[in-house]
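Next come the chains, spelled out residue by residue.
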There are 2 protein chains.
Amino acid sequence: MTVSVLETHRCHGGEMRVFQHDSVALGLPARFSVFLPSAALEGEASPVLFLLAGLTCTHETFLQKSTIIAHAATHGLILVAPDTSPRGAGIEGEDESYDLGTGAGFYLDATRSPWSSHYRMGRYISEELPALLAEAPEVLPGLSSGPASGKGERAFGIMGHSMGGHGALVHALRNAGLWRSVSALAPIVHPSVVPWGEKAFSAYLGSDRKAWSRWDAVSLLNAGHRHPTAILIDQGTSDTFLSQELRPDLLEQAAADAGQALTLRYHDGYDHSYWFIQTVIADHVAHHAGILRGRA
Amino acid sequence: MTVSVLETHRCHGGEMRVFQHDSVALGLPARFSVFLPSAALEGEASPVLFLLAGLTCTHETFLQKSTIIAHAATHGLILVAPDTSPRGAGIEGEDESYDLGTGAGFYLDATRSPWSSHYRMGRYISEELPALLAEAPEVLPGLSSGPASGKGERAFGIMGHSMGGHGALVHALRNAGLWRSVSALAPIVHPSVVPWGEKAFSAYLGSDRKAWSRWDAVSLLNAGHRHPTAILIDQGTSDTFLSQELRPDLLEQAAADAGQALTLRYHDGYDHSYWFIQTVIADHVAHHAGILRGRA
């Protein structure tokens, strides 16, 4: 396993780094960004928060636009921002629309040809990248890969925006043992019933809607999946995708039915952009830090 | 005078807006970004801080990458981020290099053909944009255009990065009555003697180096210009442009000779990027707020 460092920048007492590696899950080179707070650089075991970005974004977007690093530095969290899809898979139509293919991997494992050859962001996020982080202390010092918070488990949290909010919710519900904290900003909560999700899931997973339910947060709740912590979600009321694509009300209903703890907050007049994200990001970092450090 | 709003986004309790207008100084349409804190939206007289970005940047860069909005919201400052050059002047060679022409206006008034037809960012920054802001309360509420801080003057401050740091220093020294506070991040301080400056000034101003001195911070200090407040400058020690292009030591010497108050801070291991800027930006906003609100 080779991981190369493409960039490194001092930032808020720590370091922001960009890595590239040959991903087994994707069958392609992949990039991800990392922020290491000062304590992690000094070797202290530090919790890790994954950041999943939305449609059209890259491994750079979340760290550049969300203003999250200042808050991660304060709380001593490592940040990991993967890409939003494989890059350069060479699949016909891959670059034709913003909501399918490049920049639109939906954090799932495609089962339908031709997408299934490379579009396996599901196992990339949930298996390959956490394992790589744990096994590469020479490039990522201070990862809490052994006992964390005295609980004998790795301390990973997961957060995402829009398509990435879908990814965070789905991965946390599918594997609450790995992802110990979860939050989302303006997430797609029920992709099976909205246009973005129907287009992507039809292409990646085929027409059998039963297969879709394993990658859909509302469906997972309905099928009995739970997360032991409260899910934090922030949503702007002037988000142009709110009523057609995001539908947080559907998650709220499913969580109520399931007994899943959920804090869903609406923000008057805010839209879908990173201008909204930066307004609420401090609360999300505090949410994850509290749980991952065992204070929540 | 027509100013149209291209974008508006709620952010940190205020609003981020992008405007376009037909600039008289530039003879072209020009864009600028603004952040209005909540108090300004409610009509309260609020100080204004100009943000001048560096080579290759646009009117979007500083607000997107510096994380400054959270701090401006805290201090109740209006932010104004102009572009770094005219756009679409149609001058031969304008788009051939990153350090001359588009994205590289150096915040001066070109006197040499063909640049002099449009490259007049000097008067755009110092005259047209402040006047436009004062005269357009319908698009920019809460501008302190009358008495501010009880001192009977407009309260404008100016800050910049790299080429924009040069712009901030030069404009503040040339017109300390307008620009009541000044700071810079990794600025070009003596363009007349470094490669970026020599290339740009030769093209924009011609070969007479006496004309250059009016757009050069060190030369202005040497010629007797002063700013009544302390200039704040932050500089990373691992900035690859430090020794050849930026040379803060030359400003430090000139300020000492001139009796100009200057706080120059070096930051170990930091580079020229916005990852550095976001690390120190809170101090810059506090610096300007203190002076512009009469507390410094």
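From a predicted model like this one, the values you see are computed outputs, not experimental measurements. (Residues numbered from 1 in each chain as written. Chains lettered and ligands numbered in written order. Predicted model: local features only at pLDDT ≥ 70, side-chain atom pairs only at ≥ 80, totals over all residues. Heavy atoms only, no water.)

K.L.:
So what exactly am I meant to see when it comes to the overall build of chain A here?
P.N.:
Along chain A, the regular secondary structure elements total eleven helices and nine strands. Its C-alpha atoms give chain A principal-axis dimensions of about 50 × 40 × 35 Å. Counting all 296 residues of chain A, 62% fall into the buried class. (Helix = DSSP H or I, 4+ residues; strand = E, 2+ residues; numbered from the N terminus. Buried < 20%, exposed > 50% of the residue type's maximum accessible area, 1.4 Å probe, protein only.)

K.L.:
Sorry if this is basic, but what is going on with the pattern of salt bridges here?
P.N.:
Oppositely charged side chains may form a pair once their charged atoms are brought near each other. The tally for this structure, following the rule as stated, stands at 16 salt bridges over all chains. Two residues, Glu198 of chain B and Arg209 of chain B, come together in a salt bridge whose shortest N-O distance is 3.1 Å. Of this pair, Glu198 of chain B sits in helix H6 (residues 195-205) while Arg209 of chain B sits in helix H7 (residues 209-212), placing them eleven residues apart in sequence. Residue class for Arg209 of chain B comes out partly exposed when judged on its relative accessible area of 46%. Note that Asp249 of chain B is salt-bridged to Arg247 of chain B, the shortest N-O span being 2.8 Å. Of the residues examined, Asp249 of chain B reaches a relative accessible area of 33% and is grouped as partly exposed. A network of salt bridges, in which partner residues are shared, links Asp234, Arg265 and Asp283 of chain A. (Salt bridge = Lys/Arg side-chain N within 4 Å of Asp/Glu carboxyl O.)

K.L.:
Whenever I open this one, unusual backbone geometry confuses me. Can you help?
P.N.:
When glycine is set aside, most residues are seen to have a negative phi, and most peptide bonds are trans. Residue and element names in this part refer to chain A. Here the residue pair Ser113 and Pro114 is connected by a cis peptide bond, since its omega of 0° sits within 30 degrees of zero. Here Pro114 is to be found in the loop between strand S5 (78-82) and helix H4 (121-135). The residue Phe106 is not glycine, and still its phi comes out positive at about 60°. Along the chain, Phe106 turns up in the loop between S5 and H4.

K.L.:
Just to check I follow, could you spell out the sheet that holds strand S2 (residues 14-23) of chain B for this structure?
P.N.:
To summarise the sheet geometry, strands pair through backbone hydrogen bonds and adopt either a parallel or an antiparallel arrangement. One open sheet accounts for nine strands, arranged S1-S2-S3-S5-S4-S6-S7-S8-S9 (chain B); its pairing is mixed. Two strands close off the open sheet at either side, each with one partner strand: strand S1 (3-11) and strand S9 (262-267) of chain B. Across the sheet, the mean angle separating the axes of adjacent strands is 20° when strand polarity is ignored. Taken together, the six bridges between strand S6 (residues 156-161) of chain B and strand S7 (residues 179-185) of chain B define a ladder with parallel strand orientation. By the bridge assignment, Ile158 of chain B is partnered in S7 of chain B with Val182 of chain B. Packing of helix H11 (residues 274-292) of chain A onto the sheet brings it into contact with S1 and S2 of chain B, and relative to S1 of chain B it is tilted by some 30°. (Pairing = 2+ DSSP bridges. Axes fitted to C-alpha atoms, helices over the stretch in contact; angles between N-to-C directions. Contact = heavy atoms within 4.5 Å.)

K.L.:
Looking at this structure, I do not really get the relation of the copies chain A and chain B. What am I missing?
P.N.:
These two copies of the chain differ by a rotation about an axis and a displacement along the same axis. Rotating chain A by 180° and translating it 0.0 Å along the rotation axis places it on chain B, where the RMSD comes to 0.0 Å. On the angle and the small slide along the axis, the relation comes out as a two-fold axis. Comparing contact sets, 100% of the residues at the interface of chain A also lie at the interface in chain B, consistent with an isologous, same-surface contact. (Least-squares fit on C-alpha atoms with pLDDT ≥ 70 in both.)

K.L.:
I would appreciate a short explanation of the sheet that holds strand S3 (residues 28-36) of chain A in the present structure.
P.N.:
Ordered by their spatial adjacency, nine strands build an open sheet running S1-S2-S3-S5-S4-S6-S7-S8-S9 (chain A), and the pairing between neighbours is mixed. Edge positions in the sheet fall to strand S1 (3-11) and strand S9 (262-267) of chain A, since each has one partner strand and no second. Strand after strand, the sheet turns through a mean of 20° between neighbouring axes, direction not considered. Two strands pair when backbone bridges link them, and strand S7 (residues 179-185) of chain A and strand S8 (residues 231-236) of chain A are joined in this way by three bridges, in the parallel orientation. Within S8 of chain A, the residue paired with Leu185 of chain A across the bridge is Asp234 of chain A. Where helix H5 (residues 163-174) of chain A meets the sheet, it contacts strand S4 (48-52), strand S6 (156-161), S7 and S8 of chain A, and its direction lies at approximately 150° from that of S6 of chain A. Of the strands in this sheet, S1 and strand S2 (14-23) of chain A are in contact with helix H11 (residues 274-292) of chain B, which crosses S1 of chain A at around 30°.

K.L.:
Looking at this structure, I do not really get the state of the cysteines. What am I missing?
P.N.:
Working definition: the covalent bond between the sulfur atoms of two cysteines is a disulfide. The full count for this structure, using the stated rule, is zero disulfides over all chains. As a non-bridged cysteine, Cys57 of chain A has Cys11 of chain B as the owner of its nearest cysteine sulfur, 16 Å distant. (Disulfide = S-S within 2.5 Å.)

K.L.:
Looking at this structure, I do not really get the interface of chain A and chain B. What am I missing?
P.N.:
Many descriptions give the size of an interface as the accessible area lost when the pieces come together. At the interface, 22 residues of chain A touch 22 residues of chain B. Counting each side, the surface lost to burial between chain A and chain B is near 1,900 Å², with a carbon and sulfur contribution of 54%. Per-residue buried area on chain A facing chain B is highest for Arg10, Gln64 and Trp275 of chain A; these three make up 37% of the total on that side. Counting every contact that joins chain A to chain B gives zero salt bridges. The tally of links between chain A and chain B comes to eight residue pairs in polar contact (both at pLDDT 80 or more). Its residues assigned to classes, the side of chain A that touches chain B shows eight nonpolar, ten polar and four charged. (Buried area = accessible area lost by both parts, 1.4 Å probe. Polar contact = N/O pair within 3.5 Å; in protein donor to acceptor, adjacent residues only side chain to side chain. Nonpolar A, V, L, I, M, F, W, Y, C, P; charged D, E, K, R; others polar.)

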